[in-house]
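Fold and geometry: a report
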Amino acid sequence: LIQDERDTQFRSKLGELKHTIERPFLRKMEREVLTNADAIYCQSSYVKKRIKEVHGISKNKLNMLRFPVNTDRYCPTEEIDPNSVVTVGRINDPRKNTQFLLEVFSILQKEIKDAKLLLIGDKPKKKLQEQISSLNITENVVTPGKVPEVVKYFQRAAVYVIPSHQEGLGIAGLEAMS
């Protein structure tokens, strides 16, 4: 919901001002869409609960839409790299909390010298590149950018990380769990 997004996404003064201006319009649009919908499909029980709480939508209109994962394709293999940590997503988006992940990884890397962090998705922008450099983890952070398939990265990873402040539905997390 708009309210949930605000609580996690806008932590700067400029972001807060922008959101303060947009919020009434966005909430009105959200209410309009949800009130007039014949049926609403929610990605999680949390979203279902929040829609009911915030907008008073009847539970009869609220349905769950489970995200299917092809478990024949997204399955473990024997080729796990015990030092590999992976995350997938828009790593430059503040909600994804990549800066925190880099800080934690720098601590892990001091204990496990061969640890590798793979940031799959966006190429890191200048701010993240500078943080990687300042934490002295450049040699241990791999940034392949967008890849055609994430399956092989999941299959080799010892750990999959979701450092996000907020996720509507972490599809990559569901795939990694499989």
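Residues numbered from 1 in each chain as written. Predicted model: local features only at pLDDT ≥ 70, side-chain atom pairs only at ≥ 80, totals over all residues. Heavy atoms only, no water.

**Focus on the sheet that holds strand S5 (residues 141-145)**
Rule in force here: For two strands to be treated as a pair, DSSP must find no fewer than two bridges joining them. Only runs of H or I of at least four residues qualify as helices and only runs of E of at least two qualify as strands under DSSP, and these elements are numbered from the N terminus. Think of each axis as a best-fit line through the C-alpha atoms, taken over the contacting stretch in the case of a helix, with angles from 0 to 180 degrees between the N-to-C directions. Only heavy atoms matter for contacts: two residues are in contact if any of them lie within 4.5 Å across the pair.
With respect to topology, four strands assemble into an open sheet ordered S5-S4-S3-S6, the strand pairing being parallel. Looking at which strands have only one partner, the edges of the open sheet turn out to be S5 and strand S6 (157-160). Sheet twist, expressed as the mean angle between neighbouring strand axes with direction ignored, is 30°. Running at roughly 160° to strand S4 (residues 116-121), helix H4 (residues 98-111) makes contact with strand S3 (81-89), S4 and S5 of the sheet.

**A closer look at the environment of Ile-162**
Defined as follows: Summary of the burial criterion: residues with accessible area below 20% of their type's maximum are buried, those above 50% are exposed, and those between are partly exposed, where the area comes from a 1.4 Å probe applied to protein chains only.
For Ile-162, the location among the structural elements is in the loop between S6 and helix H7 (171-177). Ile-162 sits in the partly exposed class, given a relative accessible area of 46%. C-alpha of Ile-162 to C-alpha of Val-88: the two residues are 74 residues apart in sequence and 8.1 Å apart in space. Those residues within four positions of Ile-162 in sequence are excluded, and the remaining contacts are Glu-167 and Gly-173.

**A closer look at the nonpolar core**
As a rule of thumb, soluble globular proteins bury nonpolar side chains together. Operational definition: What is meant by a nonpolar core is a set of buried Ala, Val, Leu, Ile, Met, Phe, Trp, Tyr and Cys residues, joined one to another through side-chain atoms within 4.5 Å.
By size, the foremost hydrophobic cluster in this structure holds 13 residues, and its most contacted members are Leu-102, Phe-105, Leu-117, Leu-119, Ile-132, Ile-137 and Val-141. Of all the secondary structure elements, the ones that give two or more residues to this core are H4, S4 and helix H5 (126-134). Examining the composition of this core, we find that three residues originate from one element, H4, more than from any other. Residues Leu-118, Ile-120, Phe-154 and Ala-157 belong to the second largest nonpolar core, which totals 10 residues.

**A short note on the confidence of the model for the chain**
Short version of the rule: A residue's pLDDT is simply how confident the predictor is in it, with values from 0 to 100.
Overall, the prediction assigns the chain a mean pLDDT of 89, with 92% of residues at 70 or greater. At the level of individual helices and strands, the chain shows its lowest average pLDDT in helix H1 (residues 2-9), which scores 61, and its highest in H5, which scores 97.

**Notes on the packing of aromatic side chains**
As a reminder, the rule being used: Only centres within 6.5 Å qualify two rings of Phe, Tyr or Trp (six-membered ring in Trp) as a pair; their planes then separate them into stacked at under 30 degrees, edge-to-face at over 60, and tilted for everything else.
One pass over the structure, following the stated rule, counts two aromatic pairs. Measuring from centroid to centroid gives 6.3 Å for Tyr-74 and Phe-154, while their planes differ by 45°, and the two rings are tilted. Of this pair, Tyr-74 sits in the loop between strand S2 (62-64) and S3 while Phe-154 sits in helix H6 (residues 151-156), and the two are 80 residues apart along the sequence. The same class applies to Tyr-74 as to Phe-154, namely buried.

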